[in-house]
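# Geometric and topological summary
Listed here are the chains, written in short residue letters.
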Amino acid sequence: AMTQGDLIWWNEAGCVGHVQKIIETPEEWVEWGWQGPAAYFGNLHPYDPNSIGVGYPLECFEDEGIAKLSESGHSALTAALDVALSSAPTAAKGCPYSVSTRGENNRMVEWIFQFWLPDSKPAIIAVPADDS
């Protein structure tokens, strides 16, 4: 089961986001305007519990490719982030960033990190995915 703060694949594994809020109880469904269980996701890292993001009903998770990041996916993301930071501008360290991926032939070939630098255009760093 997903919990708030979990890293997830999203957008058919096109990006990595966080679970921002889980809408589980019938009272919450009403309060948030849903007909059943739902969750909100965000694609800004590091995780900020105060942001909400985009909401999806539970029955759409499969179609949207929403799934919890596995332990190996987590390790691969951490390794790729280290590589991205080593070639990113110094200002990128500590900046919020978003994570997307690029695939070819149903295989992920690249992690793409977008660092939201203060006072300038975002720095975009692509890191080859380890396909082992």
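Coordinates for the structure precede this section.
What counts, and where the lines are drawn
- Each chain has its residues counted from 1, following the order in which its sequence is written.
- This being a predicted model, a pLDDT of at least 70 is required before a residue's local features are given, and a value of 80 or more before pairs of side-chain atoms are given or counted; all residues contribute to the totals for chains, interfaces and linings.
- The side-chain numbers reported here are obtained from all heavy atoms of the structure, hydrogens and water having been left aside.
- Only DSSP runs of H or I with at least four residues qualify as helices, and only runs of E with at least two residues qualify as strands; both kinds are numbered from the N terminus onward.
- The criterion used for residue contact is that any of the two residues' heavy atoms lie within 4.5 Å.
- Only centres within 6.5 Å qualify two rings of Phe, Tyr or Trp (six-membered ring in Trp) as a pair; their planes then separate them into stacked at under 30 degrees, edge-to-face at over 60, and tilted for everything else.
- Whether a residue is buried, partly exposed or exposed follows from its accessible area with a 1.4 Å probe, protein chains only, as a fraction of its type maximum: under 20%, in between, or over 50%, in that order.

Note that Ala13 resides in the loop between β1 (7-10) and β2 (15-23). Counting along the chain gives 24 residues from Ala13 to Pro37, while the straight-line C-alpha distance between them is 22 Å. Not counting chain neighbours up to four residues away, the residues in contact with Ala13 comprise Gly65 and Thr101.

Applying the stated criterion to the full structure yields 10 aromatic pairs. Ring centres of Trp9 and Trp111 lie 5.8 Å apart, and the angle between their planes is 20°; on these two criteria the pair is classed as stacked. Separated by 102 residues along the polypeptide, Trp9 in strand β1 and Trp111 in strand β7 (residues 107-115) bring together distant segments of the chain. Accessibility assignment for this pair places Trp9 and Trp111 in one class, buried. Summarising the aromatic geometry, the rings of Phe41 and Phe61 are spaced 5.6 Å apart at their centres and angled 65° between planes, so their arrangement reads as edge-to-face. Placement of the pair is Phe41 in strand β3 (residues 38-42) and Phe61 in helix α2 (residues 61-64), with a sequence separation of 20 residues. When sorted by exposure, Phe41 lands in the same class as Phe61, which is buried. Among the aromatic residues, ring-to-ring pairing joins Trp10, Phe41, Tyr56 and Phe61 into one connected group.

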